[in-house]
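An overview of the molecular structure
Here are the chains, one letter per residue:
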Amino acid sequence: MSTPKDRQLVDEWRSIQSAYFRTAGAIDRELEVRFDIGLNEFEILDLVADSVDSACRMKQLGERTPMTQSAMSKVVDRLQKAGLLTRQSCADDRRSLYLELTDAGRTLHASASAVHRSLLKENLG
């Protein structure tokens, strides 16, 4: 049996979920129309751009996104094929891969991040 406290938690969860789906959908649609990338592609570009070093280790990226390793690899493959980022082996550890935005990736990210931030403010602010 559900208590009033349980009901409040469920209602709060549904409110968070609703805000997430509404916001993610709006961002995904706008990025697709304007830049021909989806929200997952943008999130990877954004995380790589936010990397403290000039290059981001694939492992670090995996720790910062809720995507599965497989899904993340597919997104990185698409971004690499589109010429938006590069993937290079680490000289000291061949199992490690570094990701870095290309000039085209930095340009697209700068424009797309302005749209992303604007939609976050509009939907969550």
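Structure report, in brief. Quick caveat, the model's predicted, so the values are computed rather than measured. (Residues numbered from 1 in each chain as written. Predicted model: local features only at pLDDT ≥ 70, side-chain atom pairs only at ≥ 80, totals over all residues. Heavy atoms only, no water.)

**Considerations on unusual backbone geometry**
As a reminder, the rule being used: Strands are runs of DSSP state E lasting at least two residues, helices are runs of H or I lasting at least four, and both sets are numbered from the N terminus onward. Only protein chains enter the area calculation, which uses a 1.4 Å probe; residues under 20% of their type maximum are buried, those over 50% are exposed, and those in between are partly exposed.
We note that Asp 36 has phi near 60°; this positive angle belongs to a residue other than glycine. With respect to the helices and strands, the residue Asp 36 is situated in the loop between α1 (4-35) and α2 (39-49). Residue classification places Asp 36 among the exposed residues on the basis of a relative accessible area of 62%.

**Examining the nonpolar core**
Rules: For our purposes a nonpolar core is just a set of buried Ala, Val, Leu, Ile, Met, Phe, Trp, Tyr and Cys residues, chained together by side-chain atoms within 4.5 Å. Whether two residues touch is decided by their heavy atoms; if any such pair falls within 4.5 Å, the residues are in contact.
In this structure, Leu 31, Ile 37, Ile 44, Leu 45, Leu 61, Val 76 and Leu 85 are the most contacted members of the largest nonpolar core, which totals 26 residues. When residues of this core are traced back to their parent elements, those giving at least two are α1, α2, α3 (58-64), α4 (69-81), β3 (97-101) and α5 (103-124). Looking at this core, the element that brings in the most residues is α2, giving six residues. Ignoring anything within four residues of it in the chain, the contact list for Leu 85 reads Ile 44, Leu 45, Val 76, Leu 79, Gln 80, Leu 99, Glu 100, Leu 101 and Thr 102.

**Section: the pattern of salt bridges**
Threshold: Think of a salt bridge as a Lys or Arg side-chain nitrogen and an Asp or Glu carboxyl oxygen that are within 4 Å of each other.
In this structure the tally under the stated criterion is six salt bridges. Across the salt bridge formed by Asp 11 and Arg 7, the nearest N and O atoms sit 3.3 Å from each other. Of this pair, Asp 11 and Arg 7 both sit in helix α1, four residues apart, roughly one helical turn. Measuring nitrogen to oxygen at the nearest pair gives 2.9 Å for the salt bridge that ties Arg 34 to Glu 30. Residue Arg 34 and its partner Glu 30 are both found in helix α1; the two are separated by four residues, about one turn of the helix.

**What to know about the packing of aromatic side chains**
Let me state the cut-off plainly: Stacked, tilted and edge-to-face are the three classes assigned to paired rings of Phe, Tyr and Trp, where Trp is represented by its six-membered ring and a pair needs centres within 6.5 Å; plane angles under 30 degrees give stacked, over 60 edge-to-face, the rest tilted.
Per the counting criterion, the structure on display carries one aromatic pair. Both rings, one in Tyr 20 and one in Phe 21, keep their centres 5.4 Å apart while their planes meet at 65°; by these two values the pair is edge-to-face.

**Examining the environment of Arg 78**
If you trace the backbone, Arg 78 turns up in helix α4. Here Arg 78 falls in the partly exposed class, since its relative accessible area comes to 43%.

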